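Below are the chains, spelled out letter by letter.
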Amino acid sequence: MSSWIDKSALSDLLSAGERQVLESVFAGRLAKNTVLFQPGDAVQGFAIVISGRVGVYLTGKTGREILLYDIVPGQTCVQSTLGILGDEAYSAEAICEEDCELALIPRDLFQKLLGTSPEFRKFVFGAFAERMQSMMHLLEQVAFVRVENRLAATLLQRADGDIVRATHQELATQIGSAREVISRRLEVLAKRGFLRLDRGEVTILDRTALQAFSKTS
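Each value, and the rule that gives it
- Residues numbered from 1 in each chain as written.
- Predicted model: local features only at pLDDT ≥ 70, side-chain atom pairs only at ≥ 80, totals over all residues.
- Heavy atoms only, no water.
- Helix = DSSP H or I, 4+ residues; strand = E, 2+ residues; numbered from the N terminus.
- Buried < 20%, exposed > 50% of the residue type's maximum accessible area, 1.4 Å probe, protein only.
- Contact = heavy atoms within 4.5 Å.
- Areas by Shrake-Rupley, 256 points an atom, 1.4 Å probe, with all protein chains shown as cover.
- Core = buried A, V, L, I, M, F, W, Y, C linked by side-chain atoms within 4.5 Å.
- Pairing = 2+ DSSP bridges.
- Axes fitted to C-alpha atoms, helices over the stretch in contact; angles between N-to-C directions.
- Salt bridge = Lys/Arg side-chain N within 4 Å of Asp/Glu carboxyl O.

A. How the structure looks around the overall build of the chain. Summing up its helical and strand segments, the chain has eight helices and 10 strands in all. With the C-alpha coordinates aligned to their principal axes, the bounding extent of the chain is approximately 60 × 40 × 30 Å. With 217 residues in all, the chain has 43% of them scored as buried. Summarising the internal contacts of the chain: among those between residues at least 6 apart in sequence, 68% fall at separations of at least 24. Surface accessibility of the chain: about 11,900 Å² in total, with carbon and sulfur atoms responsible for 52%.

This is the structure we're talking about:
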């Protein structure tokens, strides 16, 4: 059987010795909706997603959620990196959005490789920098882009063909708004002929108009 390393971005970076050390790291399968960690949990190791998708969410005091980022195959979790380097607990929640396969590098081994392997160090901090850039983009969107424009862009991004299979709450969580606000904005877009609303899904009727709307200020 092939190693989980062969399926990861580490495959071409490691020396033979480093690869041998990491061969002992467990890679397991987790079912959809499995909670990987919650706020306050101690960081046990450095997770690498091999297959599937993990969503990392932040919940405010009011109970409103926002999707901070998704972790897809080859990517890592900035929450885990921060937790190990800063010896801090998790401040967000991670949930398997699909059936997943993950490898968990124990924190002691992670710290050892970080100190001895330039290639591993480059991989970790390259992934960290990429994730921080995406979070800065999220902050910019939430702070400076109108809800309806973010909603239009999100619908286009999530569409499978012209169909978006998502509840109003899921869309609200992704863009950091309230379900009631998203429902009202969807009704407005539907009345303008951009889309049609059905239970649990949205059908895009005028992609060109929706794209233009998503870019208006």
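B. Region of interest: the nonpolar core. Of all hydrophobic cores here, the largest spans 38 residues; its most connected members are Trp4, Leu22 and Ile105. Mapped by element, the contributors of at least two residues to this core are β3 (45-51), β4 (54-59), β5 (65-71), α2 (78-86), β6 (93-96), β7 (100-106), α3 (107-116) and α4 (118-144). No other element matches the five residues that β3 contributes to this core. Ignoring sequence-local partners within four residues, the contact set of Leu22 consists of Trp4, Ile5, Leu10, Leu14, Ile105, Leu109 and Leu113.

C. Looking closely at the sheet that holds β4. Pairing within the open sheet is antiparallel, and its four strands lie in the order β2-β6-β4-β5. At either margin of the open sheet sits one strand with a lone partner, and together these are β2 (35-37) and β5. Strand-to-strand, the axes of this sheet are offset by a mean angle of 30 degrees, without reference to chain direction. Sheet topology note: the β2/β6 ladder contains two bridges and is antiparallel. Opposite Phe37, over in β6, you have Ala94 as the bridge partner. Across the face of the sheet, helix α6 (residues 168-175) comes into contact with β4 and β5 while running at roughly 75 degrees to β5.

D. Molecular detail of the side chain of Thr203. Following the sequence through the fold, Thr203 ends up in strand β10 (residues 201-204). For Thr203, a relative accessible area of 9% puts it in the buried group.

E. Highlighting the pattern of salt bridges. Summed over the entire model, instances satisfying the criterion amount to 13 salt bridges. The shortest N-O distance in the salt bridge between Asp87 and Arg107 comes to 3.5 Å. Of this pair, Asp87 sits in the loop between α2 and β6 while Arg107 sits in helix α3, placing them 20 residues apart in sequence. For Asp87, a relative accessible area of 62% corresponds to the exposed category. Judged by relative accessible area, Arg107 falls into the partly exposed class, the value being 22%. Linking Arg185 and Glu148 is a salt bridge whose minimum nitrogen-to-oxygen distance equals 3.1 Å. Here Arg185, found in helix α7 (residues 179-191), pairs with Glu148, found in helix α5 (residues 147-158); they are 37 residues apart in sequence, far enough to count as distant. Judged by relative accessible area, which is 27%, Arg185 ranks as partly exposed. Put simply, Asp6, Arg19 and Glu23 are held in one network by salt bridges that share partners.

F. Inspection of the environment of Pro73 at higher detail. Within the secondary structure, Pro73 sits in the loop between β5 and α2. Taking C-alpha positions, Pro73 is 7.7 Å from Ile48, a pair spaced 25 residues apart along the chain. Contact partners of Pro73, with chain neighbours within four places excluded, come to Val49, Ile50, Ser51 and Gly52.

G. Region of interest: the sheet that holds strand β8 (residues 163-164). Spatial strand order, β8-β10-β9: three strands in an open sheet with antiparallel pairing. Each edge of the open sheet is held by one strand with a lone partner, namely β8 and β9 (195-198). As judged from the four bridges shared by β9 and β10, these two strands associate in the antiparallel manner. Looking at β10, one finds that Asp198 is bridged to Glu201.

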